[in-house]
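Residue-level structural notes
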Amino acid sequence: MARTPRVVALIPAAGRGRRMGLGENKLFQPLLGRPLLIHTLEKFEACPVIGEIIVMVGRGEVARWRREIRAAGCHKVSRVVVGGVERQDSVRL
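Throughout what follows, the structure given in this document is the object of discussion. Just so it is clear, the model here is predicted, and its values are computed rather than measured.

On the surface, V8, L10 and V91 cluster together into a nonpolar patch covering about 210 Å² of accessible area. By secondary structure assignment, the location of V8 is in strand β1 (residues 7–13).

Pasting the structure below:
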């Protein structure tokens, strides 16, 4: 029997929102009453091919994102970790 490959989605979400003039990560901004990142994660949660999600967030945001993700019921998120300075740094880590 062929084995189904394990697919892990890496979500780099450590953006600062500087170009938008925000004082916090732009993914905390609400859309329809929920943070933007939660909308993204729900799409990955619904994808049957994705077995695991790892979210890379900004330094000092891990606890807050873990609470938000738990409250949203995103069960495929296995880890919330500190990302890098740039997006490519987050993905490399």
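From this point on, the discussion continues.
Let us look at the pairing of strand β5 (residues 77–82). Here strand β4 (residues 50–57) pairs with β5 via 5 bridges, running parallel. Bridge pairing in β5 links I54 to R79. In this fold, the crossover linking β4 to β5 by way of helix α2 (residues 62–72) has right-handed handedness.

The next point concerns the environment of L27. Within the secondary structure layout, L27 lies in the loop between β1 and β2 (30–31). When its relative accessible area of 18% is taken as the criterion, L27 is described as buried. Every residue in contact with L27, bar those within four places of it in the chain, is listed here: A13, P35, L36, L37 and W65.

With that settled, consider the nonpolar core. Core analysis: the biggest nonpolar cluster contains 18 residues, and L41, V55, W65 and I69 have the highest contact counts within it. Of all the secondary-structure elements, those providing two or more residues to this core are β1, α1 (36–46), β4, α2 and β5. For this core, the leading source of residues is β4, giving 4 residues.

The next subject is α1. Of all the positions in α1, only L37, I38, H39, L41 and E45 are classed as buried. Buried-residue contacts for α1 involve β1, β2, β3 (34–35), β4, α2 and β5.

This part is about α2. Every α-helix winds through 3.6 residues per turn, so residues three or four apart in the chain are directed the same way. Those residues of α2 that sit buried are V62, W65 and I69. The buried residues of α2 all sit within an arc of 65° when viewed along its axis, so they share a single face. Those residues of α2 that are exposed and angled more than 90 degrees off the buried face are R70 and A71. Check the buried side of α2 and you find it contacts β3, α1, β4 and β5. Just downstream of α2, G73 is the residue with a positive phi angle, here 75°.

About the thresholds
Sequence order as written defines residue numbering, which begins from 1 separately in each chain. In keeping with the model being predicted, local features are shown solely for residues with a pLDDT of at least 70 and side-chain atom pairs are shown and tallied solely at 80 or more, while totals for entire chains, interfaces and linings include all residues. Side-chain numbers come from the whole structure's heavy atoms, not from hydrogens or water. Here a patch means residues that are over 30% exposed by relative accessible area and free of salt bridges, tied together within 9 Å if like-charged and within 5 Å if nonpolar (Val, Leu, Ile, Met, Phe, Trp, Tyr). All accessibility values rest on the Shrake-Rupley procedure with a 1.4 Å probe; residue burial counts only the protein chains present in the view. Every case where a carboxyl oxygen of Asp or Glu lies within 4 Å of a side-chain nitrogen of Lys or Arg is listed as a salt bridge. Helix numbering and strand numbering both begin at the N terminus, where a helix is a DSSP run of H or I of at least 4 residues and a strand a DSSP run of E of at least 2. In this analysis, strands are considered paired if DSSP registers two or more bridges between them. Handedness rule for crossovers: strands pointing away from the viewer, path from the first strand over the helix to the second running clockwise, crossover right-handed. Throughout, exposure labels follow a simple rule: accessible area from a 1.4 Å probe, protein chains only, divided by the maximum for the residue type, with under 20% read as buried, over 50% as exposed, and the rest as partly exposed. Throughout, a residue-residue contact means that at least one pair of heavy atoms, one from each residue, lies within 4.5 Å. Among the buried residues, those of types Ala, Val, Leu, Ile, Met, Phe, Trp, Tyr and Cys that are joined through side-chain atoms within 4.5 Å form a nonpolar core. In this description, the arc belongs to the directions extending from the helix axis to the C-beta atoms.

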